[in-house]
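Fold and geometry: a report
Spelled out from the first residue to the last, the chains are:
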Amino acid sequence: MDYVLTNLVLEIFCFSIVLVLIICQLTSKNKKERENKIFLLVLIIHFLMISFDISTWLFDGNMGSILYYLSWIMNYFSYSFSILDILIFVLYITACIKLDKQIERKIFLIAAFFALIAHILLIISFFNGMIYTIDRNLGYVLGKYYWLMYLYAIIILFLSFLVVIKYRKKLQLRTTLILLTYSIIPMLTILISIKFHNVLSPYAAITISFLIVFVNMQYVQEEKIRMQEQELMDSRISIMLSQIQPHFLFNTLTAIDGLVYENERAHDAIFTFSKYLRFNMDSLTQKELIPFHIEFEHTKQYLSLEKLRFLDKLNILYDIKVTNFHIPVLTLQPIVENAIRYGITKKRNGGTLKIETNENDNEIIIIVSDDGVGFSKDIALDKNRSHIGIINVTERLKYMCNGTLSIESVIDKGTNVKIIIPKKVK
């Protein structure tokens, strides 16, 4: 009776795991996707199968009339759901691979054919006990041909194995290995169970395989979300680029430059502005991190133009202690522009802008500070106002280099923007 207690405890544990997986699937944001619907169905069938099998272990042994008939029913449903469980998982595998509908249908029909034979044999066993029988005194007794149920499972699991191997190029290596565990672990357990009956529960092995598949599903979903976020960021850059006509701007500035060539100050300003715009055009198609010194040089070009406009109202200080790091393009300049536009120039007598860089063992620190009018945090983070540039910078820092941006602002005293970039980006 020791093996009875062992298997009973093991299956109750599997029962709990499957119940948790079902709840997770029901509450998942992506439960409407076809493969997720099929996996949920597989879990529900597996849950019912384990429930009935637990009942058969509880009813095993000496029994009265009621328990005798209940035991027949429980064993029948346990076998039936086990046949269906393996069959539906074949459908899940083909859905994950995203096979052509005709190929998917052929594979499923092959599996369904063997499932039908297994079910017919199960029904025949009611009359001749070839798979199992229920003895009023002994309880559940294996029939002479009980191994036919195991044979069905091995055939379908091997079919799943072949499908994954054949279409492995359609899957990531990680997903391929995960799906193969579904075939390999239960097959090994079944082969051991045929030799040493009741030593291992194939149902527990399948539960473990489902748990591995579920963990992989969460990983794949996280990767998909990350890719969608990156695509969203790329599309924002593309929209920005589509709204600018670079050739028109360059040609117009060249023409103006020719007219004011004798005015050296105007000539220098237009030349700087042209370089500034050219960097903007090039940077909008830049999807990788760039060296900080390039971004800093671009920012200084912008500041020299603003200095021409505001003269003594704008003071600029630099405290650059480190430059050997990379940042997303157009990170520093929008922050500086915000500081001048919404902070310093709103102040009657102007003010001072300071750019600092520093580092510690783990991080690069960039600080842009001003002593302008300041603003409330609610306005700074309002996506419907001009501060959308800061929000865009914050998002790109997060997704491109795991960086963070924080803002501290006090009305009538100024604003402090701090960027922290980890030295080791995961």
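Above: the structure in question.
Since we're looking at a predicted model, the values are computed, not measured. In this convention, every chain numbers its residues from 1, walking through the sequence in written order. Totals for whole chains, interfaces and linings use all residues, but because this is a predicted model, local features are given only for residues with pLDDT of at least 70 and pairs of side-chain atoms are given and counted only at 80 or more. To get the side-chain values, take all heavy atoms of the structure and skip hydrogens and water.

This next bit is on the overall build of the protein. Across its full length, the protein holds 13 helices and 9 strands. Sorting the 426 residues of the protein into buried and exposed places 46% on the buried side. Two residues qualify as a contact provided that any one of their heavy atoms is within 4.5 Å of a heavy atom in the partner residue. Partitioning the contacts of the protein with sequence separation of at least 6, the portion at a separation of at least 24 is 72%. Methods summary: accessible areas were calculated by the Shrake-Rupley approach with a probe of 1.4 Å, and residue burial reflects only the protein chains presented. Of the roughly 23,700 Å² of accessible surface on the protein, a fraction of 62% belongs to carbon and sulfur atoms. Counting from the N terminus, the helices are the DSSP runs of H or I reaching at least four residues and the strands are the DSSP runs of E reaching at least two. For each residue, the accessible area found with a 1.4 Å probe, counting protein chains only, is set against the maximum for its type, and the residue is called buried under 20%, exposed over 50%, and partly exposed in between.

The subject of this paragraph is the nonpolar core. In this text, buried Ala, Val, Leu, Ile, Met, Phe, Trp, Tyr and Cys residues form a nonpolar core when linked through side-chain atoms within 4.5 Å. If you look at the biggest cluster of nonpolar residues, it comprises 72 residues, and the most contacted ones within it are Phe39, Phe89 and Tyr92. Elements supplying a minimum of two residues to this core: α1 (2–26), α2 (34–59), α3 (65–97), α4 (101–128), β1 (132–135), α5 (147–166), α6 (173–195) and α7 (202–242). At 17 residues, the largest contribution of residues to this core is made by α3. With residues up to four places along the chain from it excluded, the contact list for Phe39 reads Gln25, Phe89, Tyr92, Phe210, Val213, Phe214 and Met217. Grouped together as the second largest cluster of nonpolar side chains are 30 residues, Val322, Cys401, Leu405 and Val417 included.

Turning to unusual backbone geometry, a few remarks are in order. Even without glycine at this site, Lys98 takes up a positive phi of about 60°. Looking at where Lys98 falls in the secondary structure, it is placed in the loop between α3 and α4. Taking relative accessible area as the criterion, Lys98 reaches 55% and is therefore assigned exposed. The backbone of Leu311 shows a phi angle near 50°, a positive value even though the residue is not glycine. Along the chain, Leu311 turns up in the loop between α10 (292–310) and β4 (314–320).

Another aspect to go through is a nonpolar patch on the surface. To count toward a patch, a residue needs a relative accessible area over 30% and no salt bridge; like charges are then connected within 9 Å, while nonpolar side chains (Val, Leu, Ile, Met, Phe, Trp, Tyr) are connected within 5 Å. Every case where a carboxyl oxygen of Asp or Glu lies within 4 Å of a side-chain nitrogen of Lys or Arg is listed as a salt bridge. A cluster of nonpolar side chains, namely Tyr145, Trp147, Leu151, Ile155, Ile184, Leu188, Leu191 and Ile194, defines an oily patch on the protein surface of about 660 Å² accessible area. Elements supplying a minimum of two residues to the nonpolar patch: α5 and α6. Broken down by element, the nonpolar patch gets its largest block of residues, 4 residues, from α6. Looking at where Ile184 falls in the secondary structure, it is placed in helix α6.

Turning to its location among the elements, Gln25 is positioned in helix α1. In the analysis that follows, any N or O atom pair within 3.5 Å is treated as a polar contact, provided that within protein one partner can donate a hydrogen and the other can accept it, and provided that, for residues neighboring in sequence, both atoms belong to side chains. Here the side chain of Gln25 touches Asn36 through a polar contact of 3.3 Å, landing on its backbone oxygen.

It is worth spelling out the packing of α4 against α5 at this point. Across the interface, α4 lies against α5 with an axial gap of 10 Å and an inter-helix angle of 175°. Here α4 is positioned roughly antiparallel relative to α5, judged by the angle of their axes. Contacts between α4 and α5 involve Ile107, Ile110, Ala111, Phe114, Ala115, Ala118, Leu121 and Leu122 from the former and Leu148, Met149, Tyr152, Ile155, Ile156, Leu159 and Val163 from the latter. By the convention adopted, Pro, Cys, Tyr, Trp, Phe, Met, Ile, Leu, Val and Ala count as nonpolar, Lys, Arg, Asp and Glu as charged, and the other residues, Gly among them, as polar. Residues that form the contact of α4 with α5 fall into these classes: 15 nonpolar, no polar and no charged. Every angle, taken between N-to-C directions, lies between 0 and 180 degrees, and every axis is a line fitted to C-alpha atoms, over only the stretch in contact when it is a helix. By the definition adopted for this analysis, an angle is roughly parallel if under 35 degrees, roughly antiparallel if over 145, roughly perpendicular if from 65 to 115, and oblique otherwise.

Take the sheet that holds β4 next. By this definition, two strands are paired if DSSP reports at least two bridges between them. Taken in spatial order, the 5 strands make up an open sheet running β4-β6-β7-β9-β8, and their pairing is mixed. Only two strands of the sheet have a single partner each, and these edge strands are β4 and β8 (404–410). Going from strand to strand, the sheet's axes swing by 10° on average, the running direction of each strand aside. Where β4 meets strand β6 (residues 351–359), 7 bridges bridge the pair, whose relative direction is parallel. The partner of Asp319 across the bridge, within β6, is Glu356.

A few words now on the environment of Glu11. On the secondary structure map, Glu11 appears in helix α1. Glu11 gets classed as buried once you look at its relative accessible area, which sits at 3%. Put simply, Glu11 and Ser51 are 40 residues apart on the chain and 8.5 Å apart in space, counted from C-alpha to C-alpha.

Bridging between β6 and strand β7 (residues 363–370) involves 7 bridges; their strand directions are antiparallel. Bridge pairing links Leu353 to Asp370 in β7. In sequence, β6 turns back onto β7 through a hairpin of 3 residues.

Note on aromatic contacts: the rings of Phe and Tyr and the six-membered ring of Trp form a pair at centre separations within 6.5 Å, being stacked when their planes are under 30 degrees apart, edge-to-face when over 60 apart, and tilted otherwise. If you walk through the whole model with that rule in mind, you get 22 aromatic pairs. Summarising the aromatic geometry, the rings of Phe52 and Phe81 are spaced 5.8 Å apart at their centres and angled 10° between planes, so their arrangement reads as stacked. With a gap of 29 residues between them, Phe52 in helix α2 and Phe81 in helix α3 connect regions that are remote in the sequence. The rings of Phe52, Trp72, Tyr76, Phe77, Tyr79, Phe81, Phe126 and Tyr132 are connected pair by pair, giving a single aromatic cluster. The cationic tip of Lys166 hangs over the ring face of Tyr167; the distance from NZ or CZ to the ring centre is 5.6 Å. Any Lys NZ or Arg CZ that is within 6 Å of a ring centre and within 35 degrees of that ring's normal is treated as a charge sitting over the ring. A cation sits over an aromatic face here: Arg174 above Tyr219, 3.9 Å from the ring centre.

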